[in-house]
Amino acid sequence: MKQALQTVLVTGGAGFIGSAVCRHLAATGRYRVVNLDKLTYAGNLASLHDLDGHPWYRFYRADICDIDAVRHILQAEDVDLVMHLAAESHVDRSIDGPMAFVTTNVLGTTSLLSAALDHWRSLSESRRKSFRFHHVSTDEVFGDLPFDSGVFTEQSPYKPSSPYSASKAASDHFVRAWHETYGLPVVLSNCSNNYGPYHFPEKLIPLVIANALDERPLPVYGKGANVRDWLFVEDHARALEAVMTRGEVGESYNIGGRAERTNLEVVEAICALLDARRPRAGGGSHLDLINFVTDRPGHDRRYAIDPTKSEAELGWRPQETFETGLARTVDWYLENGWWWRPLREQRFDGSRLGLVGAR
Ligand code: NAD
Ligand code: TYD
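Residues numbered from 1 in each chain as written. Chains lettered and ligands numbered in written order. Predicted model: local features only at pLDDT ≥ 70, side-chain atom pairs only at ≥ 80, totals over all residues. Heavy atoms only, no water.

*Asks:* Sorry if this is basic, but what is going on with the site of ligand 1 here?
*Replies:* In the vicinity of ligand 1 lie 28 residues, with Ile-17, Asp-37, Ser-89, Tyr-164 and Lys-168 positioned nearest. Interatomic distance of 3.4 Å between a backbone N/O atom of Leu-39 and an oxygen atom of ligand 1. Within the contact set of ligand 1, an oxygen atom lies 2.7 Å away from a side-chain nitrogen or oxygen of Tyr-164. Considering ligand 1 on its own, with 840 Å² of exposed area, one finds that the protein chains cover 97% of that surface. Take the shell around ligand 1: its biggest share by element is three residues, from strand β5 (residues 132–138). Its residues placed into classes, the shell around ligand 1 shows 13 nonpolar, eleven polar and four charged. (Near = heavy atom within 4 Å. Polar contact = N/O pair within 3.5 Å; in protein donor to acceptor, adjacent residues only side chain to side chain. Areas by Shrake-Rupley, 256 points an atom, 1.4 Å probe, with all protein chains shown as cover. Helix = DSSP H or I, 4+ residues; strand = E, 2+ residues; numbered from the N terminus. Nonpolar A, V, L, I, M, F, W, Y, C, P; charged D, E, K, R; others polar.)

Put into structure tokens, the structure is as follows:
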């Protein structure tokens, strides 16, 4: 029986942010959560162990490119809201193999939009009004900023640099096109870099924590001067619920934590936390493991989000500062080797993805 709960289809719910979203939405008691995920290398059901046996949570293994499977799930689960996170998400992988990004992020999103449109058209008028297709995107679609000025607003022009950000930019355009052309009620959000528990250990923060714990080099691209704007993943999950439920149809919302740091500052902060919590057996600081390596091609200099619109219109604010969120993250990796150690044993492909970090 559905009671008053709304059914949300979360795509990519076995990934880093998607699993935080599933945990958050289920914990509110306001939703039935249906997770559709292909389980690529980045998808991991172990990230959802908290929801094992939860009465309002279901998982389907499916590919968003498989329109018949998606149509079936939308209908069988009588979906009220779609939150679309499924994507190929790692810039370095997109440099080494761009086609998977085009397939999932562009073709997969348009396929999902088509299935969602058919489903939306089949609903009663009142349910059509409250239905939302929420596309979860990234600030990387705006390209990069100079080191010393500027922020991304919702009006910033799209200027993506990497195959990843180009594929996300394309998907944003298709989502808007489905709204303008067919009337599908969409909302979009563009968020800055996330960090926190269950982050796959090939991205900067979990890679550095895991390498430091294993006494391996900490790879810093170039001089470590590139700037990212960091947001704790649980703050993002709360923002996404706000956008999905309170965002205006056809609008996009920038989400960020006003926490710009250079990559070197991030790595140094992790080393300081680990020095205090898990001193190295042989003495010395984890800082001694820092290894400056060849820069990423087309490496965006700086990202910085202006979240004023989300704060003013949605009443959303992050609960963690970068310092509190990073400390929680380091503690989580210290306590949850059961989750990340098996992932490190898989061999990653691609030169920028080696586990030992140095290239
Ligand atoms: P992730 O790589 O950790 O997870 C992606 C999930 O999508 C995985 O579970 C994977 O199995 C699934 N998936 C991939 N291809 C699929 C397909 N064809 N069909 C169904 N499922 C598929 O990514 P993430 O970091 O959790 O990012 C989630 C979303 O948020 C992405 O759309 C990303 O662009 C966006 N985003 C990420 C960040 C960030 O810092 N990680 C910031 C802003 C926006
Ligand atoms: P990443 O976590 O890959 O996120 P994104 O590329 O989407 O911002 O990288 C964050 C920053 O850290 C980016 O500027 C690249 C840099 N970086 C390193 O310096 N070393 C690394 O090993 C990785 C993976 C990233």
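*Asks:* Explain helix α6 (residues 163–182) to me, please; I cannot follow it from the model alone.
*Replies:* Residues three or four positions apart in an α-helix share a direction because the helix packs 3.6 residues into each turn. For α6, with 20 residues, the first-to-last C-alpha span of 28 Å sits near the 28 Å given by 1.5 Å per residue. Listed as buried for α6 are Tyr-164, Ser-165, Ser-167, Lys-168, Ala-169, Ser-171, Asp-172, Val-175, Trp-178 and His-179. Buried residues along α6 sit against α3 (91–96), α4 (99–121), β5 and β6 (186–191). Immediately beyond the C-terminal end of α6, within one or two residues, lies Gly-183, with a positive phi of roughly 85 degrees. (Expected span 1.5 Å × (residues − 1). Buried < 20%, exposed > 50% of the residue type's maximum accessible area, 1.4 Å probe, protein only. Contact = heavy atoms within 4.5 Å.)

*Asks:* Explanation requested: the pattern of salt bridges in the structure shown.
*Replies:* Inspection of every chain in the model, using the stated rule, returns 23 salt bridges. As a salt-bridge pair, Arg-93 and Glu-202 come within 2.8 Å of each other at their nearest N and O atoms. Note that Arg-93 is positioned in helix α3 and Glu-202 in the loop between β7 (193–195) and α7 (204–213), a separation of 109 residues in sequence. Looking at Arg-93, the relative accessible area reads 14%, which means it is buried. Taking relative accessible area as the criterion, Glu-202 reaches 8% and is therefore assigned buried. (Salt bridge = Lys/Arg side-chain N within 4 Å of Asp/Glu carboxyl O.)

*Asks:* Would you mind going over the environment of Glu-313 with me for this structure?
*Replies:* Summarising the element assignment, Glu-313 is placed in helix α10 (residues 308–314). With 171 residues separating them along the chain, Glu-313 and Phe-142 place their C-alpha atoms 22 Å apart.

*Asks:* Help me out: how do you make sense of the pairing of strand β9 (residues 227–232) in this one?
*Replies:* Walk down a regular strand and you will see the side chains alternate between the two sheet faces. A large share of β9 lies buried, amounting to six of its six residues. Residues Val-227, Asp-229 and Leu-231 line one face of β9 and the alternating positions Arg-228, Trp-230 and Phe-232 line the opposite face, and both faces are buried. Pairing geometry for β7 and β9, over three bridges, is parallel. Following the sheet pairing, Asn-193 is matched in β9 by Trp-230. (Pairing = 2+ DSSP bridges.)

*Asks:* Just to check I follow, could you spell out empty space enclosed by the protein for this structure?
*Replies:* The probe, sized like a water molecule, is rolled over the atoms to show the empty space still left. Tallied over the full model, the rule gives two cavities of 30 Å³ or more. Considered as a void within the structure, the second largest cavity measures approximately 50 Å³ in volume. Lining the second largest cavity are Ala-14, Gly-15, Phe-16, Tyr-41, Ala-42, Gly-43, Asn-44, Ser-47, Tyr-198, Phe-200, Trp-339 and Leu-343. Residue composition of the lining of the second largest cavity, grouped by class: eight nonpolar, four polar and no charged. (1 Å grid on protein atoms, 1.4 Å probe; cavity = no way out; pocket = protein on both sides within 12 Å on 5 of 7 lines; lining within 4 Å. Points joined across faces, edges and corners; volume = space filled by probe spheres on them.)

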